[in-house]
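# Descriptive analysis of the structure
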Amino acid sequence: MTTENIKTIAVIGAGTMGQGIAQLLASSGYAVMLYDVQPELTKTAIASIRKNLETNVERGRITSEQKDISINRIEAVGDFRTLQVDLAIEAVIEKLDIKQKIFSELEKINGQDCILLSNTSSLSITQIASALKHPGRFAGLHFFNPATAMKLVEIVIGVATDSTTIKLLKDFSFRISKSCVIAKDSPGFIVNRIARHFYTESLRIAEDNVTNFQTIDALMKSSGFKMGPFELMDLIGIDINYSVTEAMFNAFHQEPKFRPNRLQQQKIEAGYLGRKSGKGFYEY
């Protein structure tokens, strides 16, 4: 398998990350099969992608013809068994058993040349791959939100990942206009492990009433960051951010520096998840 052989790609999960990945791939020339266990979400996702592309037309980034070509490359798929593709990317909830089931089923309906990838930001690639008969073709390809704009991807290598798979993913990253970094399988990989303290320390400062979250955001932006930690948590989704922190806390055997914060937990319990719910640390 080479990048030239990759024509059709499955994206499993039509949430924020799945939408962004599907749009990126379609805009890069690939036929995309978008699947979600909730079929109505794929229709919502394609409508959202269309809106994003229309915004790009209005801003002069692409032509109307390019918009139409990209959107026509994305197919909403309701039957998982039809996901017979050259490459598949999973972007679903961070639950090990769910991801393992998805890849086990993908392995059954695809040939051994099909590359299987997870967009997980916190789970072990090696552990996910343990459910596969051919783990050598499996790896992590971790995009960042928004996937269409963020230039970096992490290629995460499991214990069983083949060198040929790694080489292919380097080439593939280049073809979708991303800069890639190779990361060995470790909790949080590279970016999330470093960035976790950007969030947790900011939350502790607010929790200790040293200052409020608006001031923290303002100070970080004045220091050169494009967004403050609370703005960024709202963009990512407070529930998703909390879930990653929780997973890393457990993966590092309850290391105190990764401890999840109750301010985030309270927001989740209230349904204040950030931009996607209309309210998080800020109102939208």
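Throughout what follows, the structure given in this document is the object of discussion. Here the residue numbers are simple positions, counted from 1 along each chain's written sequence. Per-residue local features of the predicted model are confined to residues with pLDDT of at least 70, and side-chain atom pairs are confined, for both listing and counting, to 80 or more; whole-chain, interface and lining totals are unaffected and use all residues. Side-chain measures here rest on the full set of heavy atoms in the structure, leaving out hydrogens and waters.

### Here we look at the overall build of the protein chain
Just so we agree on the cut-off: Note on conventions: DSSP H or I runs of at least 4 residues are helices, E runs of at least 2 residues are strands, and numbering of each starts at the N terminus. Our radius of gyration looks at C-alpha atoms and nothing else; its globule reference is 2.2 Å times the residue count to the power 0.38. Buried means the residue's accessible area, taken with a 1.4 Å probe over protein chains only, is under 20% of the maximum for its type, while exposed means over 50%, and partly exposed covers the values in between. Under this rule, positive means Lys or Arg and negative means Asp or Glu; His and the chain ends count for nothing. Charge coordinates come from a single atom per side chain, which is NZ of Lys, CZ of Arg, CG of Asp or CD of Glu.
When helices and strands are counted, the protein chain shows eleven helices and eight strands. The C-alpha atoms of the protein chain give a radius of gyration of 19 Å, which matches the 19 Å a tight globule of 284 residues would have. Burial statistics for the protein chain: of 284 residues in total, 46% are counted as buried. A gap of 2 Å separates the mean positions of the 33 positive and 31 negative side-chain charges of the protein chain.

### What about the sheet that holds strand 8 (residues 179-184)?
Heads up, the rule is: Strand pairing requires that DSSP identify at least two bridges connecting the strands. With axes taken as lines fitted to C-alpha atoms, and helix axes fitted only over the stretch in contact, angles between N-to-C directions fall between 0 and 180 degrees. What makes two residues a contact is simply this: any of their non-hydrogen atoms within 4.5 Å.
Spatially, eight strands are ordered 3-2-1-4-5-6-7-8 in an open sheet, and the strand pairing comes out mixed. Strand pairing shows two members of the sheet lacking a second neighbour, strand 3 (74-77) and strand 8, which therefore form its edges. Looking at each pair of strands side by side, their axes are set apart by 25° on average, direction ignored. Relative to strand 3, strand 2 (residues 31-35) runs parallel, the two sharing four bridges. What sits directly across from Leu34, in strand 3, is Ala76. The strands touched by helix 2 (residues 39-58) are strand 2 and strand 3; relative to strand 3, the strand with the most contacts, the crossing angle is about 165°. In the packing of helix 6 (residues 163-175) onto the sheet, the strands contacted are strand 1 (8-12), strand 4 (87-90), strand 5 (115-118), strand 6 (138-142), strand 7 (152-157) and strand 8, and the crossing angle to strand 7 comes to about 175°.

### Section: unusual backbone geometry
Pro146 follows Asn145 through a cis peptide bond whose omega is -5°. On the secondary structure map, Pro146 appears in the loop between strand 6 and strand 7. In this structure, His253 takes a positive phi of about 55° despite not being glycine. Turning to its location among the elements, His253 is positioned in the loop between helix 10 (238-251) and helix 11 (262-270). Residue class for His253 comes out exposed when judged on its relative accessible area of 69%.

### Some words on the pairing of strand 7
How we decide: A crossover gets the label right-handed when its path from the first strand over the helix to the second runs clockwise, viewed with the strands pointing away from the viewer.
Buried residues dominate strand 7, accounting for five of its six residues. Across three bridges, strand 6 lies against strand 7 in antiparallel orientation. Within the sheet, the bridge partner assigned to Leu141 lies in strand 7 and is Ile155. Where strand 7 lies against strand 8, six bridges are found, and the strand directions are parallel. Each bridged residue has a counterpart across the sheet, and for Leu152 the counterpart in strand 8 is Ser179. Taken together, strand 7, helix 6 and strand 8 form a β-α-β motif whose crossover is right-handed.

### Here we look at the environment of Ile166
Following the sequence through the fold, Ile166 ends up in helix 6. With residues up to four places along the chain from it excluded, the contact list for Ile166 reads Ile157, Thr161 and Ile182.

### Regarding the nonpolar core
Short version of the rule: Nonpolar core, defined: a set of buried Ala, Val, Leu, Ile, Met, Phe, Trp, Tyr and Cys residues in which side-chain atoms within 4.5 Å join the residues together.
By size, the foremost hydrophobic cluster in this structure holds 34 residues, and its most contacted members are Leu25, Phe143 and Phe172. With six residues, helix 1 (residues 16-27) is the single largest residue contributor to this core. Dropping the residues within four chain positions of it, Phe172 is found in contact with Thr3, Ile6, Ile9, Leu25, Tyr30, Leu87 and Leu141. Core analysis: the second largest hydrophobic core is formed by 23 residues, Ile12, Ile102, Phe103 and Ala129 among them.

### A few points about the environment of Ile46
Relative to the elements of secondary structure, Ile46 occurs in helix 2. According to the relative accessible area criterion, Ile46 is buried, its value standing at 15%. Spatially, the C-alpha atoms of Ile46 and Ile74 are 7.7 Å apart, while their sequence positions differ by 28 residues. Contacts of Ile46, omitting those with residues within four sequence positions, involve Leu34, Ile71, Ile74, Glu75 and Ala76.

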